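# Understanding the architecture of this molecule
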Amino acid sequence: MDSLISLHNVSAGYEPNQAVLRNINLDIKQNDFIGIIGPNGGGKSTLLKVILGLLPIQKGKLNYAWKNNKHYIGYLPQSNEIDTKFPIKVSEVVLSGIMGSKSYFGKYSKSDKNKANELLDKLGLTEYKNNTIGELSGGQRQRAFLGRAIINKPSVLILDEPNTYVDKHFEGELYNMLSELNKEMAILLVSHDIGTISPIIKTIACVNEELHYHNSNKISEKVLSTYKCPIELVAHGHVPHRVLNQH
Amino acid sequence: MLEFFELFQYKFFTNALLAGLLTSILAGIIGTYIVSRRIVFISGGITHASFGGIGIAYFLGLNPFLGAAVFAVFSALGIEWSAQKAKVREDSAIAILWSLGMAIGIIFVFMTPGYTPNLMGFLFGNILTVTTTDIIVTAIFALIIIAANILFFRPILYTAFDENYASTTGLNVKLIKYSMAVAVALAIVLSIRIAGIILVLSLFTIPQAASMLITKDYKKIIFWSILFGFIGIIAGLSASYFMDIPSGATIIFALISIWIMIRAVIFIKDKLNLK
Ligand SMILES: Nc1ncnc2c1ncn2[C@@H]1O[C@H](COP(=O)(O)OP(=O)(O)O)[C@@H](O)[C@H]1O
Ligand SMILES: [Mg+2]
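Calculation notes
Residues numbered from 1 in each chain as written. Chains lettered and ligands numbered in written order. Predicted model: local features only at pLDDT ≥ 70, side-chain atom pairs only at ≥ 80, totals over all residues. Heavy atoms only, no water. Near = heavy atom within 4 Å. Polar contact = N/O pair within 3.5 Å; in protein donor to acceptor, adjacent residues only side chain to side chain. Areas by Shrake-Rupley, 256 points an atom, 1.4 Å probe, with all protein chains shown as cover. Nonpolar A, V, L, I, M, F, W, Y, C, P; charged D, E, K, R; others polar. Core = buried A, V, L, I, M, F, W, Y, C linked by side-chain atoms within 4.5 Å. Buried < 20%, exposed > 50% of the residue type's maximum accessible area, 1.4 Å probe, protein only. Helix = DSSP H or I, 4+ residues; strand = E, 2+ residues; numbered from the N terminus. Domains from an automatic or database assignment. Contact = heavy atoms within 4.5 Å. Donors = N, O, S within 2.8 Å, 3.2 Å for Na, K, Ca; no water. Pairing = 2+ DSSP bridges. Phe/Tyr/Trp six-rings, centres within 6.5 Å; stacked < 30°, edge-to-face > 60°. Lys NZ or Arg CZ within 6 Å of the ring centre and 35° of its normal. Buried area = accessible area lost by both parts, 1.4 Å probe. Salt bridge = Lys/Arg side-chain N within 4 Å of Asp/Glu carboxyl O. Axes fitted to C-alpha atoms, helices over the stretch in contact; angles between N-to-C directions. Expected span 1.5 Å × (residues − 1). Patch = residues over 30% accessible without salt bridge, like charges linked within 9 Å, V, L, I, M, F, W, Y side chains within 5 Å. Lys, Arg positive; Asp, Glu negative; His and termini not counted. Charge placed at Lys NZ, Arg CZ, Asp CG, Glu CD. pLDDT = per-residue confidence, 0-100.

With that settled, consider the site of ligand 1. Contacts to ligand 1 come from 11 residues, most closely from A:Gly41, A:Gly43, A:Lys44, A:Ser45 and A:Thr46. Lying at an intersection of chains, ligand 1 is approached by residues of chains A and B. A distance of 3.0 Å separates an oxygen atom of ligand 1 from a polar atom in the backbone of A:Gly43. Take A:Ser45: an N or O atom from its side chain is 2.8 Å from an oxygen atom of ligand 1. Relative to its unbound accessible area of 560 Å², ligand 1 is 62% covered by the protein chains. By residue class, the composition of the shell around ligand 1 is three nonpolar, six polar and two charged.

Here it is in structure tokens:
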């Protein structure tokens, strides 16, 4: 199958001559569900920025299956990258995900608004849609950003630690939702918690300057160390039941 | 003679009214962008840097506000550009720009014979220096800003909120940010006559602070800020004229009074609700 996005020997970083990522090879195909793990500062978020075209690459090749990647990727940024006090309404945040398919004037049609309302309903945010994001709880806010990322039905969905601030109950729901979405789109999910995401992902990419691809959703401490990808595999006492029941 | 005087008074009031209205519109729209994006300090740097342009233009016998505009626009673009290069310690760079502009301005104004009365006007604002030409220029600029912010409301809002995301949806984030940087610079310069270098930024922040007590929605903050700004500016300008105090100071007083009143009303309402 053809790749939607492929990285070939890609190096990237924020300073010239100072690569944060080195010789990255990765193919993202339809219906992939890749869990991206690795130590803090290992370059997971940077990898996502490269894929999104936000950070120019220093070396290698980055190819998309489409001419202009703007409308095809949905993105949920790491929570520390967003100013949660910004005066913007929840419904506006979700609608902003449609911007890519709009003209510069950003006028939304009735059907756009209906789509947003349906999504808000599904995400349990209907009663908060006229609130600003600062008035939401951390978990509700992440749902709003998930709405923004998926409203345009992207081909690839990229999520940077979406479970931050999310309560355990919604985390389970989130993973159910992602499993469902995975039927229609490839998903890249960054998490520091491999134990929890293991049941829903299909493959694993360990990122620590380099990327090691692991063609299974289970990984042992030993393999991780050969990948030079030291993360702790803590035992998980309270994985959400729904996730476990599904598999 | 008496008739002439009446006419002058009439003209003063129409000018003041128009200048106040236009300035409050500009400050309402641009100030909401400044406050939401948390670039108040950057805007302070741009404001004070523009004084360098005032000084040089004044010394050369050119229009001081043209000099201010050139300095302000270049500093705004420079700051936006260096922010994109990430690694500059932004706040120290802005502090340098801030004081450098003031130093250049002071040197050149002092080297120009007969500087003193005008220096006060530049620093603290003087309603009597607002000319009909100023009003026409400000009106044209305000129309552009209003049109751009209506037409491109969402691209501007989304870029201010989360520029990375905005960029992934295909918006030309750089163009939007640079255009807004120019708009911020020019809006500030056009308001200097009214409030002066030292106090002008309050026009762009205090109405917003007051508005944010009653709403947290970007569009509504603009609306309320224009209203509060207009009330504050007109009250301040009148006080300035009748008491012969620099208008910058009286306007700030009026604006802060509005903020206090709203705060007090909310406080009382909360107290009543508790019971
Ligand atoms: N905007 C930036 N400018 C400079 N360096 C950065 C920037 N963002 C991240 N880095 C550096 O790049 C490295 C990788 O960071 P990141 O991709 O955020 O790691 P992770 O998401 O795996 O925790 C870190 O050393 C970090 O300090
Ligand atoms: Mg990260």
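Turning our attention to the nonpolar core. Within soluble globular proteins, side chains that are nonpolar tend to cluster in buried spots. Formed by 118 residues in total, the largest nonpolar core has its most connected members in A:Leu178, A:Leu189 and B:Phe204. Among the elements that take part in this core, helix 9 (residues 173–203) of chain B stands out by supplying 17 residues, more than any other. Among the domains, domain 1 (1–71 + 155–247) and domain 2 (86–153) of chain A are the pair contributing at least three residues each to this core. Once you skip the residues sitting within four places of it in the chain, B:Phe204 turns out to touch B:Leu26, B:Ala27, B:Ile30, B:Gly31, B:Ile34, B:Val35, B:Ala187, B:Ile188 and B:Ser191.

Let's shift gears to the coordination of the magnesium ion (ligand 2). Residue and element names in this part refer to chain A. Here the magnesium ion (ligand 2) is held by the protein donor atoms Ser 45 (OG) and Gln 78 (OE1), which lie 2.1 to 2.2 Å from it. Of this pair, Ser 45 sits in helix 1 (residues 44–52) while Gln 78 is found in the loop between strand 5 (73–76) and helix 2 (90–95), placing the two residues 33 residues apart along the sequence. Ser 45 gets classed as buried once you look at its relative accessible area, which sits at 17%. Residue Gln 78 is classed as buried on the basis of its relative accessible area, which comes to 17%.

Our next topic: the pairing of strand 9 (residues 210–214) of chain A. Residues and elements named next belong to chain A. The pairing of strand 8 (residues 203–208) with strand 9 spans five bridges and is antiparallel. Bridge pairing links Ile 204 to His 214 in strand 9. Here strand 8 hands over to strand 9 after one residue, with Glu 209 in that stretch at a positive phi of 70 degrees.

Glancing now at the packing of aromatic side chains. Under the defined criterion, the tally for this structure stands at 13 aromatic pairs over all chains. Ring pairing ties together the aromatic residues A:Phe86, A:Phe145, B:Phe153, B:Phe161 and B:Tyr218, which thus form one cluster. Just above the ring of A:Phe170 sits the side chain of A:Arg143; from NZ or CZ to the centre is 4.3 Å.

Time to look at the side chain of A:Ser11. All names here are of chain A. One can find Ser 11 in strand 1 (residues 3–12). You can call Ser 11 buried: its relative accessible area is 5%. In this structure Ser 11 touches Leu 21, Arg 22, Asn 23, Ile 57, Gln 58 and Lys 59, once residues within four positions along its chain are discounted.

Before going further, it helps to examine the interface of chain B and chain A. Opposite the 27 residues of chain B that make contact, chain A presents 33 residues. If you sort the residues of chain B by the area they bury against chain A, B:Arg154, B:Phe161 and B:Tyr165 come out on top, with a joint share of 28%. Put simply, chain B and chain A have three salt bridges between them. Residue B:Arg154 pairs with A:Glu92 through a salt bridge whose shortest N-O separation is 2.6 Å. Across the chain B-chain A interface, the total number found is seven residue pairs in polar contact (both at pLDDT 80 or more). Mapped onto the side of chain B that touches chain A, the elements with two or more residues apiece are helix 7 (153–161), helix 8 (163–168) and helix 11 (218–243) of chain B. When residues of the side of chain B that touches chain A are assigned to their parent elements, the largest contribution, six residues, is made by helix 7 of chain B. A class-by-class count of the residues in the side of chain B that touches chain A yields 13 nonpolar, seven polar and seven charged.

With that settled, the discussion passes to the sheet that holds strand 2 (residues 21–29) of chain A. Paired through backbone hydrogen bonds, the strands of a sheet run either parallel or antiparallel to each other. All names here are of chain A. Reading across from one edge, 2-1-4 is the order of the three strands in this open sheet, with antiparallel pairing throughout. Each edge of the open sheet carries a strand with a single partner, namely strand 2 and strand 4 (59–64). Mean inter-strand twist for the sheet, computed between neighbouring axes without regard to direction, equals 10 degrees. As paired elements, strand 1 and strand 4 share five bridges and run antiparallel to each other.

A rise of 1.5 Å per residue sets the reference length of helix 4 (residues 138–150) of chain A, with its 13 residues, at 18 Å; its end C-alpha atoms lie 19 Å apart and thus fit the reference within 8%. Among the 13 residues of helix 4 of chain A, 13 are classified as buried, and the element is accordingly described as predominantly covered.

Notably, A:Lys153 is not glycine yet its phi reads approximately 50 degrees, a positive angle. Along the chain, A:Lys153 falls in the loop between helix 4 and strand 6 (156–160). Of note in this structure, B:Asp244 is not a glycine but carries a positive phi near 60 degrees. Structurally, B:Asp244 can be placed in the loop between helix 11 and helix 12 (247–274). With a relative accessible area of 69%, B:Asp244 lands in the exposed category.

A word on a positive patch on the surface. A surface patch of positive charge is lined by A:Lys107, A:Lys110, A:Lys113 and B:Lys219. Within the secondary structure layout, A:Lys107 lies in the loop between helix 2 and helix 3 (110–122). A residue is classified by how much of its surface remains accessible, and A:Lys107, at 63% relative accessible area, is exposed.

Taken over all residues, the pLDDT of chain A has a mean of 86, while the share at 70 or more is 88%. The low-confidence segment residues 235–247 of chain A, where pLDDT is below 50, has 19 contacts with residues more than four positions distant or belonging to other chains.

Residue and element names in this part refer to chain A. When cut into domains, chain A gives domain 1 (1–71 + 155–247) and domain 2 (86–153). With 16 residues of domain 1 in contact, the opposing surface of domain 2 contributes 13 residues. Both sides of the domain 1 and domain 2 interface together cover about 1,100 Å² of buried area, and 70% of this is carbon and sulfur. Our count for the domain 1 to domain 2 interface comes out at zero salt bridges. Elements that contribute at least two residues to the side of domain 1 that touches domain 2 include exactly strand 6 and helix 5 (168–181). Among the elements that line the side of domain 1 that touches domain 2, the one with the most residues is helix 5, at five residues. Taken together, the residues of the side of domain 1 that touches domain 2 break down into 11 nonpolar, three polar and two charged.

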